[in-house]
Amino acid sequence: MLLNKKTLVFGASLNPSRYSNVALHKLVAHQHDVVAFGLREGVVAGVKIDTELKPYTGIDTVTLYMNASRQVPFYEYLMTLKPERVIFNPGTENPDFFKMLREANIEFEMACTLVLLGTNQY
């Protein structure tokens with residue numbers, strides 16, 4: 001039985017060669033409820049990419065596709081969503097944010113969303 005994990009793809013891209021774009025397609029194909037935030041508004045795999053921070057509810061997983069220096073202005077926002085976990089995809093690792101998440105009792109992992117989905121470990 002599939003466990004639907006509402007996921008926020010943070011740093012979503014309209015560019016089909018970007019991993020965040022591929023992740024949107026794979027998450028939808030795996031029947032997860034997906035919302036997305038990125039720099040450019042558009043639609044990928046039927047998911048609208050928001051360019052304004054929304055008060056999403058019920059977020060299980062935030063999967064990051066934004067490097068550490070670009071994450072800084074979003075720390076507070078992401079923590080207020082109270083996700084069950086945050087996935088730091090390759091290139092997004094951020095020890096400062098790890099510490100904040102740990103203190104807020106929010107799970108995090110350094111992993112690749114695409115690999116997790118492909119190996120049924122998501």
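Residues numbered from 1 in each chain as written. Predicted model: local features only at pLDDT ≥ 70, side-chain atom pairs only at ≥ 80, totals over all residues. Heavy atoms only, no water.

1. Side note on the overall build of the protein
When helices and strands are counted, the protein shows five helices and seven strands. Moving toward the C terminus, one meets the helices and strands of the protein in the order β-α-β-β-β-β-α-α-β-α-β-α. Each principal axis of the C-alpha atoms in the protein carries an extent, and together these give about 35 × 35 × 25 Å. Split into buried and exposed, the 122 residues of the protein put 48% on the buried side. Looking at charge distribution, the protein has the averaged site of its 12 positive side-chain charges lying 4 Å from that of its 12 negative ones. (Helix = DSSP H or I, 4+ residues; strand = E, 2+ residues; numbered from the N terminus. Buried < 20%, exposed > 50% of the residue type's maximum accessible area, 1.4 Å probe, protein only. Lys, Arg positive; Asp, Glu negative; His and termini not counted. Charge placed at Lys NZ, Arg CZ, Asp CG, Glu CD.)

2. Overview of the pairing of strand 4 (residues 47-50)
Two elements, strand 2 (residues 34-38) and strand 4, share two bridges in a ladder whose sense is parallel. The residue bridging Ala36 from the neighbouring strand is Ile49, located in strand 4. Pairing between strand 3 (residues 42-44) and strand 4: three bridges, direction antiparallel. Bridge pairing links Gly42 to Ile49 in strand 4. If you look at the hairpin formed by strand 3 and strand 4, you'll find two residues sitting between the two strands, and Ala45 has a positive phi there, around 55°. (Pairing = 2+ DSSP bridges.)

3. With respect to the sheet that holds strand 2
A sheet is described by the order of its strands in space; here seven strands give the open sequence 3-4-2-1-5-6-7, paired in mixed fashion. Since the sheet does not close on itself, it has two edges, and those belong to strand 3 and strand 7 (107-110), each with one partner. Across this sheet, the average inter-strand angle for adjacent strands is 25°, counted without regard to direction. Direction of pairing for strand 1 (residues 7-12) relative to strand 2: parallel, over a ladder of five bridges. Bridge assignment links Thr7 to a residue of strand 2, and that residue is Val34. Helix 1 (residues 19-29) contacts strand 1, strand 2, strand 3 and strand 4 of the sheet and is inclined by roughly 160° relative to strand 1. (Axes fitted to C-alpha atoms, helices over the stretch in contact; angles between N-to-C directions. Contact = heavy atoms within 4.5 Å.)

4. Points about the layout of surface pockets
Estimated volume of the largest pocket: approximately 520 Å³. Gly11, Ser13, Arg18, Ser20 and Tyr65 are, among the 21 residues lining the largest pocket, the residues nearest its centre. Classifying every residue of the lining of the largest pocket by side-chain character gives nine nonpolar, nine polar and three charged. (1 Å grid on protein atoms, 1.4 Å probe; cavity = no way out; pocket = protein on both sides within 12 Å on 5 of 7 lines; lining within 4 Å. Points joined across faces, edges and corners; volume = space filled by probe spheres on them. Nonpolar A, V, L, I, M, F, W, Y, C, P; charged D, E, K, R; others polar.)

5. What about the packing of aromatic side chains?
Per the stated rule, a full pass over the model turns up nine aromatic pairs. Pairwise contacts between aromatic rings join Tyr75, Phe88, Phe97, Phe98 and Phe108 into one cluster. Its guanidinium or amino end placed over the ring of Tyr122, Arg85 lies 4.5 Å from that ring's centre, counting from NZ or CZ. (Phe/Tyr/Trp six-rings, centres within 6.5 Å; stacked < 30°, edge-to-face > 60°. Lys NZ or Arg CZ within 6 Å of the ring centre and 35° of its normal.)

6. Focus on the pairing of strand 5 (residues 61-64)
The side-chain alternation of strand 5 yields two buried faces, one formed by Thr61 and Thr63 and the other by Val62 and Leu64. Strand direction decides the pairing type here: strand 1 and strand 5, joined by four bridges, are parallel. Bridging across to strand 5, Leu8 finds its partner in Val62. Relative to strand 6 (residues 85-88), strand 5 runs parallel, the two sharing four bridges. Within the sheet, the bridge partner assigned to Leu64 lies in strand 6 and is Phe88.

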